[in-house]
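This is what each chain is made of:
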Amino acid sequence: MINLHFLYKPLTGLILILFFHTSILHAQQVADTSNGIKAPIDSIFDKSILSQFVPTAFGKVVPKKELLASISTVSGEKLRHFNTPTLSNTFFGQMAGLHVSQSAGTPGNNDNPGLFVRGRQTFQDNSVLVLVDGFETNYNTLMPDEIESVSVLKDAGALALYGMDAANGAILITTKRGAVSPKTQIGFNSRVGIHQATVLPKLLGNGDYATLYNEALISDGKSITQGYFSSDSVVAYFNNGEQPYLYPDVQWYDEMLKPTAISQDYSLTFSGGKRDARYFVALGYANYGGLYNNTDPDRSLNSNYKLERYNVRANFDVNITKFLSSSVNFRGTIVNKKSPNANEGTIWRNMALFNPYPVRTPEGKWGGTQGYSANPAALVLQQGYLSNNERTADINVKLAGDLGGLVSGLRAFGQVNFSNSFFDNFNKTRGYAYDELIPRPDLIVPGQTPPGVIPYDKITRGNTDLNFAISQPAGTQFNRTNILTGFEYDHSFGASTLYASAMYFQELFRAQGSEMPFAKQGVMGRLTYDYNKKYFAEFGYSYAGSESFAPGNRFGFFPSLSAGWVLTNEDFLTNNSIIKFLKLRASTGLLGNDRSGNSGRFIYNQFYLGSGTYFLGNNLGINGPMFREGNLANPGATWEKAYRTNFGIDAQLFKGLSISLDYFFENRDDIFISPLGFIPGIVGANYNNVNRGKTKSNGGEIELMYQAKAGKVEWYINGNISVAKNEIVDIAEPARLDEYLYAKGNPINQPFILEAIGYFNDVNEINNSPRQLFGNVQPGDVKYKDQNGDGFIDDNDRIPMGKTALPEVMYAFGGGLEFSGFDFAFFFQGAGGRSVSLLDNGNVVPFLNGGVKPSQWIKDNYWTPERGNNALFPRLTTEPNDNNYRASSLWQRNGSFLRLRNLEVGYTLPVNALRKLRMNNLRFFANANNLFSIDKMDEMELDPEIMNQFVHPVLKSFNFGFTLKF
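This one's a predicted model, so the numbers in the text were calculated from it and none came from an experiment.

Conventions adopted
Residues numbered from 1 in each chain as written. Predicted model: local features only at pLDDT ≥ 70, side-chain atom pairs only at ≥ 80, totals over all residues. Heavy atoms only, no water. Helix = DSSP H or I, 4+ residues; strand = E, 2+ residues; numbered from the N terminus. Rg over C-alpha atoms; globule rule 2.2 N^0.38 Å. Contact = heavy atoms within 4.5 Å. Areas by Shrake-Rupley, 256 points an atom, 1.4 Å probe, with all protein chains shown as cover. 1 Å grid on protein atoms, 1.4 Å probe; cavity = no way out; pocket = protein on both sides within 12 Å on 5 of 7 lines; lining within 4 Å. Points joined across faces, edges and corners; volume = space filled by probe spheres on them. Nonpolar A, V, L, I, M, F, W, Y, C, P; charged D, E, K, R; others polar. Pairing = 2+ DSSP bridges. Axes fitted to C-alpha atoms, helices over the stretch in contact; angles between N-to-C directions. Buried < 20%, exposed > 50% of the residue type's maximum accessible area, 1.4 Å probe, protein only. Arc of directions from axis to C-beta. Polar contact = N/O pair within 3.5 Å; in protein donor to acceptor, adjacent residues only side chain to side chain. Core = buried A, V, L, I, M, F, W, Y, C linked by side-chain atoms within 4.5 Å. Patch = residues over 30% accessible without salt bridge, like charges linked within 9 Å, V, L, I, M, F, W, Y side chains within 5 Å. Salt bridge = Lys/Arg side-chain N within 4 Å of Asp/Glu carboxyl O. Phe/Tyr/Trp six-rings, centres within 6.5 Å; stacked < 30°, edge-to-face > 60°. Lys NZ or Arg CZ within 6 Å of the ring centre and 35° of its normal.

If you tally the helices and strands in the protein, you get 11 helices and 45 strands. Whereas a compact globule of 966 residues would reach a radius of gyration of roughly 30 Å, the protein reaches 32 Å, a difference of no more than 12%. Counting only C-alpha atoms, the protein reaches 105 × 75 × 75 Å along its principal axes. Across the protein, contacts joining residues at least 24 apart in sequence account for 71% of those joining residues at least 6 apart. By element, 57% of the accessible surface of the protein is carried by carbon and sulfur atoms, the whole surface being about 42,500 Å².

What follows is the structure, encoded as structure tokens:
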């Protein structure tokens, strides 16, 4: 039976909206009698790259054709093509220069991706500054329908005003605002999604596990009687399935997971107003279900994963008087999440491990054994649930005064922003008991014991108390208060235009508890000049300070210079039939990063830490407190300094081709590193990080789009590619025995690995080869190359090989068309210049780490004397093996991939049909996200981006919905 309950909310909302809209129309007596008027249809097409309007840091929105900075922008409408509750998961491939990397896939839980602007440039915190309408907040819970645009700021000209927060790049999220309209514009979006795992591990069953385990025991020189599968009959039982309770082979992914999970999300927006008062209001609801099977829908005993999110956004712009205006932004978000009361990593890990027990025993009790007690089904269904609540509220008030009566073009403003985030949880938990069934074949009595029956002992283990314990710890709260005030001057003098700004900024961030607040302060501004829209120049600056450093060493000056030349406004390119627009631009400047790494805060202070007590007195009855010296103070600590230069070209060629190109390079110094590498241990102290590191980086981006029309068919293709490389210039390394061991000259996090040259095939080969110092080796173990020729294989034989896990190349491309109301679009995103290892997260270490199951590839390719060097996997072993499971070329793989991120088809109703319903636009659509990936992971069923079979996989989704506008 099909459950239609999930349709209740969108249908109810649609009925209410239709009724509300019809009432408004009758009240206003609005009628359209013109046969020539068409309903406005939202095109699937991007605007041309050069027709965009781009927000700038603490400044005005600038036409892309006049922009000097390197900024890539995507509209909020494009983000709606991706069905995810986590906003940053809609950024994949959307903006050139932004690297997005995912590490897990639970919606709204552990699926927050890493964000990098132009790759990695520091050994420490490389996180990107993300701002919503100019200020930091919890941005991932925003919905696309409240977003006007998302922009990534990449060069010094775009970033200088952020001072010490600028060096790692920034993302500006701009929310929608109301526009003058004769009537209220109402929009409603509805979507239902069906979600599936993109990939699940395909691991061998318990029978193959038992067979290969015994092979591994023999390889270790042991007898199978010493192992868990102590006889051939035990192995046979696991293989043939005749004893499903004593020797089971549970398909845990089938047992634990449903084929699909359902999501639904809706949004309702109102926009409009007159010249003196404009508004944009958005309401949203989203509901994402989980993949766990057999859970209690009433959540009295347990819970599937579930996320519910409520959004409200209200942006108002009011002209209070002729000279005074105000804008007020309010945003509120509530996120409620429920999940099993067990660590999610533990659940997914245990589904991939060897479990020698049934889900339940014949008596209906949970199965388990003393050595394998984490029954995945019991973890989900028996231990209660955890409920998390997150609340975010932002309020932003701005007053602006037009001082044109004093100085033409002068404007003053003041702005206060307050953001509050609160997190708490409700924990309903209990332990669980399980029955261990111990086979007793020794009790079989011939002629009395029924055929096929094996007696067994039963031992109940674990917690037999079925009562729940309820806890609700105190919540955690974060408050951020910002003040921004200043002046702007914007005036034209004949063919010249001058824009100038000067602002004061202050931020106080308070975390829960006794932790000292975080504080920032600074002044910033810019001076921009253009002559006849032909020659442009800009000076940007900030003088910014942070409480992270010692008094007298807290403030720094961060300037930038930018210039641009629009060649098509010169006489020699006017009316050119090929080059419709051509602009050259360049920028250079100094940016900062005040994140000091893992040493903690206030590293300029010397702290003394409690270190137990000392007993004093004749009877040792007096306890004297003792203290020890903490990390040595670093009073000269300062911020990282990034000197960045950018060259760019923006062009429009022929009729429909627009291109934007950038090349950049950066030198960064004063990077924080640990001094343990160059201070002798004999000093006997602990240290804070010091400013000794240096790197350099370079790369470029290309964005392009081509639009055309053939008859009634409109079509487009677009794409972008980003290349970012880095190199360590100085990391204060100790002396190395060989030049190839130095990190200097290599990328940050460059893998240094051993070069595998085959396997030892017999004892003679072992005796006649350099001695490997990672434990005793035997035939079937990996053989490595002696790089320095000293006759030993140790860590000094590691060489830089392959790429880092962070891609050097990120790219995306897509296209679409429209014809007679139908539209179609596709979007691919990929990564290249990346290396990964099959050893990552312990994916290929069979029998170890809790009983990792082998894959078919391991079964088909492990070393045997017959396979010799044709083997692709070393000999099987049941023991930890530092020699074989060591970072080497044997395990390194090309981590490049290409993923179909979106495929969509839609239909917009004809104008005449809409007019009868008093609608402006009604579009139905169906799309799919993350349909498939093309990669190099042939050995295992692994997501090439995550490289971890022990976490919740990324989801693909099939989505259906409609967009309605009045």
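So, on to the layout of surface pockets. Any empty space left between atoms is shown by rolling a water-sized probe over those atoms. By volume, the second largest pocket amounts to about 1,300 Å³. Going through the elements one at a time, strand S5 (114-117), strand S6 (129-132), strand S12 (306-319), strand S13 (324-340), strand S16 (410-429), strand S20 (476-493), strand S21 (496-510) and strand S22 (518-531) are the ones with two or more residues in the lining of the second largest pocket. Element by element, the count of residues in the lining of the second largest pocket is highest for S16, at four residues. Split by residue class, the lining of the second largest pocket holds 16 nonpolar, 19 polar and 13 charged.

In space, the four strands of this open sheet follow the order S3-S7-S8-S6, with mixed pairing throughout. Looking along the sheet, the strands with just one partner apiece sit at the ends: strand S3 (71-75) and S6. Sheet twist, expressed as the mean angle between neighbouring strand axes with direction ignored, is 15 degrees. Two elements, S6 and strand S8 (residues 170-175), share four bridges in a ladder whose sense is parallel. Within S8, the position partnered with Val130 by the bridge is Ile171.

As summarised here, the arrangement of the three strands in space is S14-S17-S18, forming an open sheet in which the pairing is mixed. Two strands bound the open sheet, and with one partner strand each, they are strand S14 (366-367) and strand S18 (456-462). Note: S14 against strand S17 (residues 433-439), two bridges, orientation parallel. From the neighbouring strand, Gly367 faces S17, where its bridge partner is Asp435.

Of all the positions in helix H7 (residues 344-351), only Glu344, Ile347, Trp348, Asn350 and Met351 are classed as buried. Each buried residue of H7 sits inside an arc of 165 degrees when the element is viewed along its axis, so together they form one side. At the N-terminal end of H7, a side-chain oxygen is found 2.8 Å from the backbone nitrogen of Gly345, two or three residues along, and the residue is Asn343.

Our focus in this paragraph is the pairing of strand S45 (residues 955-965). Extensive coverage of S45 is indicated by the burial of eight of its 11 residues. Relative to S45, strand S9 (residues 181-197) is paired through 11 bridges, and the arrangement is antiparallel. Along S45, the bridge assignment pairs Arg191 with Gly961. Note that strand S43 (residues 921-929) and S45 share nine bridges and pair antiparallel. Residue pairing across strands places Phe924 opposite Phe962, the latter belonging to S45.

A few words now on the nonpolar core. Nonpolar side chains in soluble globular proteins generally cluster together in the buried interior. Membership of the largest hydrophobic core comes to 77 residues, with the highest contact counts inside it found for Phe229, Ile347 and Phe873. Residues in contact with Ile347, not counting those within four places in the same chain, are Met256, Tyr292, Pro340, Ala342, Pro376, Leu379 and Val380. Core analysis: the second largest hydrophobic core is formed by 29 residues, Ala156, Ala167, Phe413 and Ala642 among them.

This brings us to a nonpolar patch on the surface. On the surface, a cluster of nonpolar side chains totalling about 900 Å² of accessible area is made up of Tyr529, Tyr531, Tyr535, Trp565, Phe572, Leu584, Ile649, Leu661, Ile702, Leu704 and Ile721. Going through the elements one at a time, S22 and strand S30 (690-710) are the ones with two or more residues in the nonpolar patch. Position of Ile702 relative to the elements: it lies in strand S30.

This part covers the packing of aromatic side chains. Taken as a whole and assessed by the stated rule, the structure comprises 47 aromatic pairs. Both rings, one in Tyr385 and one in Phe426, keep their centres 6.4 Å apart while their planes meet at 45 degrees; by these two values the pair is tilted. Separated by 41 residues along the polypeptide, Tyr385 in strand S15 (residues 384-402) and Phe426 in strand S16 bring together distant segments of the chain. Judged by relative accessible area, Tyr385 falls into the buried class, the value being 10%. On the basis of relative accessibility, which here comes to 26%, the residue Phe426 falls in the partly exposed class. By way of ring pairs, the aromatic residues Tyr209, Tyr213, Tyr228, Phe229, Tyr237, Phe238, Tyr247, Phe354, Tyr372 and Phe847 are connected into one cluster. Here the basic side chain of Lys428 rests over the ring of Phe468, its NZ or CZ set 4.6 Å away from the ring centre. Across from the ring centre of Phe92, 3.8 Å away, lies the NZ or CZ of Arg901, which sits over that ring.

With that settled, the discussion passes to the pairing of strand S27 (residues 622-629). Sheet topology places strand S26 (residues 608-616) next to S27; seven bridges connect them, and they run antiparallel. Following the sheet pairing, Thr613 is matched in S27 by Pro625.

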